[in-house]
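The residues making up each chain are set out below.
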Amino acid sequence: MTYPSVTIQVNPKSVPSTPSWMGEVAAVAQVLTHVGLLKAIQEHVRFARARFGIYDTIDFVVVLLGYALSGERSLTAYYARLSPFADAFMALFGRHRLPDRSTLSRFLAALDQVSVEALRTLFLADLVARTPFTSPGGLSDRLGNRWWLVDVDATKQAARQRALPQQKGLPAPHRRLNQVCAPGYTGRKRGEVVRTRTTVLQPFTHQWIGTYSGAGNGKYRGELKRALEAVTWYALAFSLPLSQVVIRLDGLYGNAAPLTDVLNTGLGVVARSKEYTMLDRAEVKARLTGPADGECTHPESGASRALYDCPDISLTPEGPRVRLLVATHPATSTPHKIGKKRDGVIYEMFITRLPAPAFSAKDVLDLYLHRGSFETVLADEDQEQETDRWCSRTPWGQEAWQIVNQWVWNIRLELGQCLAAAPMRTTEFAPVNEPAPVAYGPPQWAHRSFTGGFPGSAFVPQPDGSLLCPAHHPLYSQERRPERDGSLRVLYAARIGDCRTCQLRAQCQESPSSRKPRRVSAVLWPVVPSQAPPPA
């Protein structure tokens, strides 16, 4: 007996089976055609070069889309599975002929920056063109304010190189990966040369916002600036206030220069700092001699850190003001990989601009340590699509492939959300602390101005919260502004129509021709609880 799904073939002619991923390719092709994405690529991504014959740019993009969906380990294996069904595959996208593998290789090798940036622009535009998620997610702080996070981090792809003979009679060795790789930090990966790819992740929806790569360790500061431009564009597209979009960065970007680049954009930041010279500043030394502001215990390692909060300190002598957190723990016999060791104590530093009442020192450290979720997304990407597969041995060819790969990831998330919608949650990162009501004393009015107008005490408070001017016209509260010294300033203003026809205008305002109504401000100082009057 055989299973119904098993077919026994006795004919010597090869009858290859349909690839398992062809069904998903058909679904994605239908969606891309329906939303007009294929047409947009065909119109906006143009690259003219000889020796491509009858093929257009869209033909090669279609091949890369199928390669990303297939999950095949190499282009050789991908073409071996695809070739018997080449006509059907291209017909799904409205095309006619499948480019040969050698033609695809020449196309990727010839790609220039202009074409790749046009492809990247379409990728970003498509990211916000549709809204499969009801909201971009977010988190709330202890005061109930909304914040949004974006993770920026670099991942490595290492390449092995064989030892080549170097003798006088032989030509100089030529490495095929010389343009895309260079010696650099390999991390845990085996290889002699590496390529660094800076990725930008929306951690709530798990959508990719961008990818920027370079040979060796890359130009991390330039790639960070490109990432910040993409994040700013994404935030403006969803009307998110830039000051409440927080960029999470690891120690690679912990120097003052890249952190200043982030802060100059108006975005928030939480990052590990490598500027250990700040520990020598007098204000930091004074803070470290006092009691700790809190203690944080890592849930997995059990490592405990004492936290010291410096709420307002300059990043550089002429640089922006930031909030500095110093985490300390005793040194052990195990060599430390992170932090600075001084007098048997390991010091770690974290830079942020998150406000102190909304985020405690422990909240900031916990928020930074939650960067670990970024690694799980990279692991899923490696398992499902393996973006770092070598597709081209030229920089812009490899960059185009990785943009297409991230595009496929986002499309898969969108289709999954449409198939089984899951509501986007807002994370309550810490319990909301309701501020205790503040009791204020009697108002203190502004004195008579140098122009001789009525002083603030001449305006009588009314039961409804307004004021009554000497001409018996009302002034209404326009603004209640908390001051840095703890006081509350209340600003009142009259109606301009009442002031224009008032007979006392010359005695009230500095100029009878003023176009502004009369304004009065009062300052209210909080009352110490022990001095508050007893309830009636």
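Not measured: the values here are computed from a predicted model.

**Structural notes on the overall build of the protein chain**
In terms of helices and strands, the protein chain carries 15 helices and 18 strands. The globule rule puts the C-alpha radius of gyration for 536 residues at 24 Å, and the 32 Å found for the protein chain is more than 25% above it. Principal axes of the C-alpha set define a box for the protein chain whose edges measure 105 × 65 × 60 Å. In the protein chain, which comprises 536 residues, the proportion classed as buried is 45%. Counting only carbon and sulfur atoms, one obtains 54% of the accessible surface of the protein chain, whose full area is about 29200 Å².

**A closer look at helix α6 (residues 101-110)**
The set of residues buried in α6 consists of T103, L104, F107, L108 and A110. Each buried residue of α6 sits inside an arc of 165° when the element is viewed along its axis, so together they form one side. On its buried face, α6 sits against α3 (57-70), α4 (75-82) and α13 (395-419).

**Here's the deal with the sheet that holds strand β18 (residues 519-524)**
Spatially, β13-β18-β17-β16-β15-β14 is the arrangement adopted by the six strands of the open sheet, whose pairing is antiparallel. The open sheet has two edge strands, β13 (444-445) and β14 (460-461), and neither has a second partner. Where strand β16 (residues 474-482) meets strand β17 (residues 488-494), seven bridges bridge the pair, whose relative direction is antiparallel. Bridging across to β17, R481 finds its partner in R489.

**A look at the packing of helix α8 (residues 220-237) against helix α9 (residues 256-264)**
With their axes 10 Å apart at the nearest point, α8 and α9 run at an angle of 15° to one another. Comparing their axes, α9 and α8 come out roughly parallel. The element α8 and its partner α9 pack so that their crossing is right-handed. Within the contact between the two elements, α8 uses Y220, R221, L224, K225 and L228 and α9 uses A257, P258, D261 and V262. For the contact of α8 with α9, the class distribution of residues is six nonpolar, no polar and three charged.

**Observations regarding a nonpolar patch on the surface**
Taken together, V6, I8 and V10 make up a surface patch of nonpolar side chains, about 330 Å² in accessible area. With respect to the helices and strands, I8 occurs in the segment before α1 (22-34).

**Regarding the side chain of E223**
Mapped onto the elements, E223 comes out in helix α8. One buried charged side chain, E223, makes no salt bridge at all; its nearest oppositely charged neighbour is R195, positioned 7.5 Å away. Residues contacting E223, with those up to four places away along its chain left out, are T198, Y212, S213, G214 and G218.

**Quick word on the pairing of strand β8 (residues 304-314)**
Relative to β8, strand β7 (residues 294-297) runs antiparallel, the two being bridged by four bridges. Bridging from a neighbouring strand, C296 pairs with R305 of β8. Hairpin connection from β8 to strand β9 (residues 321-330): six residues lie between these consecutive antiparallel strands.

**Quick notes on α4**
Residues of α4 that are buried include every one of L75, Y78, Y79 and L82, and no others. For α4, the angular spread of the buried residues around the axis is 95°, confining them to a single face. If you follow the buried residues of α4, they end up packed against α1, α3, α5 (86-92) and α6.

**Here's the deal with the packing of aromatic side chains**
Following the criterion strictly, the structure yields 16 aromatic pairs and no others. Taking the centre distance of 6.5 Å and the plane angle of 55° together, the rings of W208 and W409 count as tilted. Separated by 201 residues along the polypeptide, W208 in strand β4 (residues 207-215) and W409 in helix α13 bring together distant segments of the chain. Of the two residues, W208 and W409, both sit in the buried class. Following the ring pairs from residue to residue traces out a cluster consisting of W21, Y67, Y78, Y79 and W401.

**Focus on the confidence of the model for the protein chain**
Averaged over every residue, the pLDDT of the protein chain is 85; residues scoring 70 or more account for 92%. Note that pLDDT drops below 50 for residues 531-536; the model gives that stretch one contact with residues more than four away or on any other chain.

**Describing the side chain of T328**
Note on placement: T328 falls in strand β9. Judged by relative accessible area, which is 11%, T328 ranks as buried. The residues contacting T328, other than those within four sequence positions of it, are S304, R305, A306, Y308, V345, I346 and Y347.

What counts and how
For every chain, the first residue of the written sequence is number 1, and numbering continues from 1 along that sequence. This being a predicted model, a pLDDT of at least 70 is required before a residue's local features are given, and a value of 80 or more before pairs of side-chain atoms are given or counted; all residues contribute to the totals for chains, interfaces and linings. Side-chain numbers come from the whole structure's heavy atoms, not from hydrogens or water. Runs of E in the DSSP output that reach at least two residues are strands. Runs of H or I that reach at least four are helices, and both are numbered from the N terminus. As defined in this context, the radius of gyration uses C-alpha atoms, and a globule is described by 2.2 Å times the residue total to the power 0.38. Note on exposure labels: buried denotes an accessible area under 20% of the residue type's maximum, exposed denotes more than 50%, and partly exposed covers the range between, all computed with a 1.4 Å probe on protein chains only. Note on areas: Shrake-Rupley, 1.4 Å probe, and residue coverage restricted to the protein chains presented here. The directions from the helix axis to the C-beta atoms form the arc being described. The contact rule is simple, with two residues in contact once any of their heavy atoms fall within 4.5 Å. Any two strands with at least two DSSP-identified bridges between them are counted as paired. The axes are straight lines fitted to the C-alpha atoms, using for helices just the contacting stretch, and the angles between their N-to-C directions are given from 0 to 180°. Orientation labels follow simple angle bins: below 35 degrees gives roughly parallel, above 145 gives roughly antiparallel, 65 to 115 gives roughly perpendicular, and whatever is left gives oblique. Each crossing is labelled by how the near helix is turned from the far one, with a counterclockwise turn of less than a right angle marking it left-handed and a clockwise turn marking it right-handed. Three residue categories are used. Nonpolar comprises Ala, Val, Leu, Ile, Met, Phe, Trp, Tyr, Cys and Pro, charged comprises Asp, Glu, Lys and Arg, and polar comprises the others, including Gly. Put simply, a patch holds well-exposed residues, over 30% relative accessible area, that have no salt bridge, with like charges counted together within 9 Å and Val, Leu, Ile, Met, Phe, Trp or Tyr side chains within 5 Å. Should a side-chain nitrogen of Lys or Arg be within 4 Å of a carboxyl oxygen of Asp or Glu, the pair is scored as a salt bridge. In this charge count, Lys and Arg are treated as positive and Asp and Glu as negative; neither His nor the chain ends contribute. Note on ring pairs: Phe, Tyr and Trp rings are taken, using the six-membered ring of Trp, and paired if centres are within 6.5 Å. Classes follow the plane angle, with under 30 degrees stacked, over 60 edge-to-face and the rest tilted. A score between 0 and 100, pLDDT records how confident the predictor is in each residue.

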